[in-house]
Amino acid sequence: MSTGAGIDYSVWDHIYVSDDEDVTSPYVDTSSLFRMRHRARLERMAEFQHSGEDLENNFAECKRLLEKAQGRLKELEEEGRNEEEEAELKKVQAEVRKLKKDEKLFGKMIEEHRREEKKLPWNVDTISKEGFSKSVLNIKPVTKEKEKIEKQKTFVETYGKEIKHFGLLRRWDDSQKYLSDNPHLVCDETANCLVAVCIDFEIDEKHALMEQVAHQAIVMQFILDLARTLKVDPRGCFRQFFSKIKIADKTYQDAFDRELELLKGRVRSCAQIRMDSAMKELEEEERQKRLGPGGLDPVEVYESLPKRSQYRVQQNGLHQSVSSSLCKEIQKSFDEKNIQMLQIAINKLDPDEGKYHLRRCIDSGLWVPDSGEGDDDDKEEDEEEEED
């Protein structure tokens, strides 16, 4: 149905209206029944949303791996190959084909998920979502964000030990009693701190401790979600959570376990990102320290030395083309600090190529020529260019 103004009201044809309030009986707690059905619907909505987020994350990871594999494939196709490199090339080609298929599959699954999302009926939790909002300056949000960060920092500094103690509790009764004695810990700041502790444990390779603290982080998150559902202070409903989880049915327990596994996966991913970032920073610091006088990295120059070269020699009055494995010869000359061996190996190269690699060796500090020797080479090069 649409009006003359072009507004489509067809979305109103599929609105889910709960009839929970119509259930009346002297033997049924109507308000509790309504809350239970409402909570179940929220859990189904959250599960659907999580499945969409997982698809998006898997799609992004697949694209990242595909770009990495395509880059490796391009490198292998450009350089010369021996038998081992030929086998690796085929392996990378197969990997690229598989990743392309996975990328298309994830794309179709995401489209299907979005179509299903559009078909979902509206309910009291989604019907009132705003369609647009006015633009405002970001001065206040930034201030609120700073206040939130400062509040988190102050809370952790004050109650850090208590939070870690709660994170290491294993029994439901112990957790409930500890929160009863420390109700101020039932808040978002505790949940955030527990996740941070999980990441630290994972970086330190204390995997068992990470999983235990992750369990308690999900406990706190479920308590907070329950408080938001019931619209009450979380300090007043954490006992309800423990009462429910102790006798939880399979659906509720599966939801708890699923959220726990998702959190552990996110913790491992975040820890890996932090470790990779720290490793890159360390490698860059080491690289800056070993740069040669010309600003080149001796390790990179050492590894980029020519692998093989074709050069011509005169034998029995005939010119023959000889293949030589130069990389090992040149590297060995640096390892043994044998200048004569280096000069012999460099002379096997084409003159221009030999000068190029010799200059890189000098700029990286791999080879420090005798005083004046490097200047003479430069002068000879300039004279040759002027003559040309």
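In what follows, the accompanying structure is described. (Residues numbered from 1 in each chain as written. Predicted model: local features only at pLDDT ≥ 70, side-chain atom pairs only at ≥ 80, totals over all residues. Heavy atoms only, no water.)

So, the packing of aromatic side chains
Okay, step 1: A complete count under the given rule lists eight aromatic pairs for this structure.
Okay, step 2: Relative to F256, the ring of W172 has its centre 6.0 Å away and its plane inclined at 75°; by these criteria the two rings are edge-to-face. Taken as a pair, W172 in helix 4 (residues 172–181) and F256 in helix 8 (residues 250–290) lie far apart in primary sequence, 84 residues in all.
Okay, step 3: Taking relative accessible area as the criterion, W172 reaches 24% and is therefore assigned partly exposed.
Okay, step 4: Taken together, a centroid distance of 5.8 Å and an interplanar angle of 85° make the contact between F222 and Y252 edge-to-face. Highlighted residues: F222 in helix 6 (residues 207–230) and Y252 in helix 8, separated in sequence by 30 residues. (Phe/Tyr/Trp six-rings, centres within 6.5 Å; stacked < 30°, edge-to-face > 60°. Helix = DSSP H or I, 4+ residues; strand = E, 2+ residues; numbered from the N terminus. Buried < 20%, exposed > 50% of the residue type's maximum accessible area, 1.4 Å probe, protein only.)

Description of the side chain of Q216
Okay, step 1: Relative to the elements of secondary structure, Q216 occurs in helix 6.
Okay, step 2: Side-chain polar atoms of Q216 contact the side chain of H215, separated by 3.1 Å.
Okay, step 3: Excluding residues within four positions of it along the chain, Q216 makes contact with F166, G167, L169, S175 and L194. (Polar contact = N/O pair within 3.5 Å; in protein donor to acceptor, adjacent residues only side chain to side chain. Contact = heavy atoms within 4.5 Å.)

Re the pattern of salt bridges
Okay, step 1: Following the criterion strictly, the structure yields 18 salt bridges and no others.
Okay, step 2: A salt bridge links E88 to R72, with the shortest nitrogen-to-oxygen separation between them at 2.8 Å. Of this pair, E88 sits in helix 2 (residues 83–119) while R72 is found in helix 1 (residues 30–78), placing the two residues 16 residues apart along the sequence.
Okay, step 3: One salt bridge connects D254 with K250, and the closest N-O pair in it is separated by 2.7 Å. (Salt bridge = Lys/Arg side-chain N within 4 Å of Asp/Glu carboxyl O.)

Side note on the packing of helix 5 (residues 188–203) against helix 6
Okay, step 1: Contact geometry for helix 5 and helix 6: axes closest at 9 Å, N-to-C directions at 160°. Classified by the angle between their axes, helix 5 and helix 6 sit roughly antiparallel to one another. Like other packed secondary-structure pairs, helix 5 and helix 6 cross with a definite hand, here left-handed. Only H207, L209, M210, V213, A214, Q216, A217, M220, Q221, L224 and R228 of helix 6 make contact with helix 5, whose side of the interface consists of D188, T190, A191, L194, V195, V197, C198, F201 and E202.
Okay, step 2: Within the contact of helix 5 with helix 6, the residues separate by chemical class into 13 nonpolar, four polar and three charged. (Axes fitted to C-alpha atoms, helices over the stretch in contact; angles between N-to-C directions. Parallel < 35°, antiparallel > 145°, perpendicular 65-115°, else oblique. Left-handed = near helix turned anticlockwise from the far one by under 90°. Nonpolar A, V, L, I, M, F, W, Y, C, P; charged D, E, K, R; others polar.)

Regarding unusual backbone geometry
Okay, step 1: Phi at E205 is positive, roughly 65°, even though this residue is not glycine.
Okay, step 2: Along the chain, the position of E205 falls in the loop between helix 5 and helix 6.
Okay, step 3: Relative accessible area serves as the criterion here: at 59%, E205 is assigned to the exposed category.
Okay, step 4: The phi dihedral of K231 is positive, around 60°, even though this residue is not glycine.
Okay, step 5: Structurally, the position occupied by K231 is in the loop between helix 6 and helix 7 (238–246).
Okay, step 6: Owing to a relative accessible area of 78%, K231 belongs among the exposed residues under this scheme.

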